[in-house]
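A look at the structure
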Amino acid sequence: MENGFRENHNNNKSSAMDAFEKLEKVGEGTYGKVYRARDRATGKIVALKKTRLHEDDEGVPPTTLREVSLLRMLSMDPHVVRLLDVKQGQNKEGKTILYLVFEYMDTDLKKYIRSFRQTGDTVPPKIVKSLMYQLCKGVAFCHGHGVLHRDLKPHNLLMDRKTMMLKIADLGLARAFTLPMKKYTHEILTLWYRAPEVLLGATHYSTPVDMWSVGCIFAELVTNQALFPGDSELQQLLLIFRLMGTPNEELWPGVSKLMNWHEYPQWTPKKLSSAVPNLDNAGLDLLSKMLQYEPAKRISAKKAMEHPYFDELNKDCL
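Residues numbered from 1 in each chain as written. Predicted model: local features only at pLDDT ≥ 70, side-chain atom pairs only at ≥ 80, totals over all residues. Heavy atoms only, no water.

On to the packing of helix 7 (residues 208-223) against helix 10 (residues 281-290). The N-to-C vectors of helix 7 and helix 10 enclose an angle of 145°; their axes lie 8 Å apart at closest approach. When you trace helix 7 past helix 10, the crossing you get is left-handed. Mapping the contact onto sequence places Met211, Trp212, Val214, Gly215, Phe218 and Ala219 in helix 7 and Gly283, Leu286, Leu287 and Met290 in helix 10. (Axes fitted to C-alpha atoms, helices over the stretch in contact; angles between N-to-C directions. Helix = DSSP H or I, 4+ residues; strand = E, 2+ residues; numbered from the N terminus. Left-handed = near helix turned anticlockwise from the far one by under 90°. Contact = heavy atoms within 4.5 Å.)

Here you go:
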């Protein structure tokens, strides 16, 4: 792995980029710009992610090498976007740039949901089920390899409209979680999908944070609307409390010890069906298991795949 980087080390920016023809900028990731590009050698369309490195004298920092080899390993799973190649170059200031070359996917879940919202339709229940199963499968694979995503949201779930394949992207932040748990900063999640323990300032958190996000995405797929669209950390918490009830030590042991805990207005839990009316009972049961307050009680991705909600899904084609 390291040698691959070192060999390219003297290449200037242009030679690393001669291999690709940039077509257009498709987004700003958390880590840099993303372009749709054509591989000149094969004519294949790819997504190019350009990342600046925090440079030390060694060129590519070992953390980056670890992240890239982790991404390579994870992208063996069909529900994680594939990292095809890594190229190294320099920008005008002579700073090292890494180009991560990913397979190109034509849309994402955010755009897909928006297309239904515009026509006033809802995503067909069968498709919701298939997409949710693929999401759980991809998340289970990451978690099984010790990787938290920590920023799951519709925008990070890429899709192929023709095959309805879903793939998890933007794993660039996924630090492998090793025991003992490191302290994490939590500046990185989009508020709407952020787990309550993160909002309340927990510094040690684990795989259940992703499952909360999966639950929020599930509800949004069913209704076309974000379940908890908060625009500040406080409002985000209050939206959650209003539906799920204000947590207390009985409901969630240890909650009042969390750093950001205050006295909050007291709400009693509402039925989930009031917020997600068009979801069947099996779906509501699965959703309620994803949206448990106590992280340890939240269903795992692996267990979620075995839930009766997915029983009539033809899993072989996935």
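Alright, that's what it looks like, and here's the rest.
What follows concerns the environment of lysine 33. By the secondary structure assignment, lysine 33 is in strand 2 (residues 32-39). Judged by its relative accessible area of 34%, lysine 33 is partly exposed. Once the C-alpha coordinates of lysine 33 and tyrosine 99 are considered, the two residues, 66 residues apart in sequence, prove to be 9.9 Å apart. (Buried < 20%, exposed > 50% of the residue type's maximum accessible area, 1.4 Å probe, protein only.)

As a further point, take the environment of asparagine 224. Note that asparagine 224 resides in the loop between helix 7 and helix 8 (233-244). The exposure class of asparagine 224 is buried, given its relative accessible area of 4%. Excluding its chain neighbours within four sequence positions, the residues that come into contact with asparagine 224 are Ile113, Phe116, Arg117, Asp121, Thr122 and Val123. Polar side-chain contacts of asparagine 224 include one of 2.6 Å to the backbone oxygen of aspartate 121. (Polar contact = N/O pair within 3.5 Å; in protein donor to acceptor, adjacent residues only side chain to side chain.)

To continue, consider the packing of aromatic side chains. Inspection of every chain in the model, using the stated rule, returns 10 aromatic pairs. A ring pair is formed by phenylalanine 241 and tyrosine 264, whose centres lie 5.1 Å apart and whose planes are at 75°; its orientation type is edge-to-face. One end of the pair, phenylalanine 241, is in helix 8; the other, tyrosine 264, is in the loop between helix 8 and helix 9 (272-275), and 23 residues separate them in sequence. Arranged with centres 6.3 Å apart and planes meeting at 70°, the rings of phenylalanine 241 and tyrosine 293 form a pair that is edge-to-face. Here phenylalanine 241 is found in helix 8, whereas its partner tyrosine 293 is found in the loop between helix 10 and helix 11 (301-305), with 52 residues between them in sequence. For the pair formed by phenylalanine 241 and tyrosine 293, the shared burial category is buried. An aromatic cluster of three or more residues is present, and its members are Phe241, Trp252, Trp261, Tyr264 and Tyr293. Sitting over the ring of tyrosine 35, lysine 22 keeps its end group 4.2 Å from the ring centre. Its end group placed over the ring of tyrosine 104, arginine 36 keeps NZ or CZ at 5.7 Å from the ring centre. (Phe/Tyr/Trp six-rings, centres within 6.5 Å; stacked < 30°, edge-to-face > 60°. Lys NZ or Arg CZ within 6 Å of the ring centre and 35° of its normal.)

Before going further, it helps to examine the pairing of strand 5 (residues 96-103). Counting buried residues in strand 5 gives 8 out of 8 residues, a clear majority hidden from the surface. Here strand 4 (residues 83-90) pairs with strand 5 via 7 bridges, running antiparallel. Across the sheet, residue lysine 87 finds its bridge partner in strand 5, namely tyrosine 99. From the end of strand 4 to the start of strand 5, which pair antiparallel, there are 5 residues, and glycine 94 there has a positive phi angle of about 80°. (Pairing = 2+ DSSP bridges.)

This brings us to the nonpolar core. Grouped together as the largest cluster of nonpolar side chains are 86 residues, with contacts concentrated most on Leu109, Met132, Leu135, Val214, Phe218, Met244 and Met290. Two domains each put at least three residues into this core: domain 1 (16-103) and domain 2 (107-310). The contacts of leucine 135, once residues within four sequence positions are left out, are Leu157, Leu166, Ile168, Val214 and Ile217. (Core = buried A, V, L, I, M, F, W, Y, C linked by side-chain atoms within 4.5 Å. Domains from an automatic or database assignment.)

Our next topic: the pattern of salt bridges. Oppositely charged side chains can pair when the atoms bearing their charge come close. Taken as a whole, this structure holds 14 salt bridges when the rule is applied. Between glutamate 24 and arginine 36 there is a salt bridge, with the nearest N and O atoms lying 3.1 Å from each other. Residue glutamate 24 is found in strand 1 (residues 20-29), and its partner arginine 36 is found in strand 2; the two are separated by 12 residues along the sequence. On the basis of relative accessibility, which here comes to 23%, the residue arginine 36 falls in the partly exposed class. Between glutamate 312 and lysine 129 there is a salt bridge; the shortest N-O distance is 3.2 Å. With glutamate 312 in the segment after helix 11 and lysine 129 in helix 5 (residues 125-144), the pair connects residues that are 183 residues apart, well separated along the chain. Residue class for glutamate 312 comes out exposed when judged on its relative accessible area of 62%. (Salt bridge = Lys/Arg side-chain N within 4 Å of Asp/Glu carboxyl O.)

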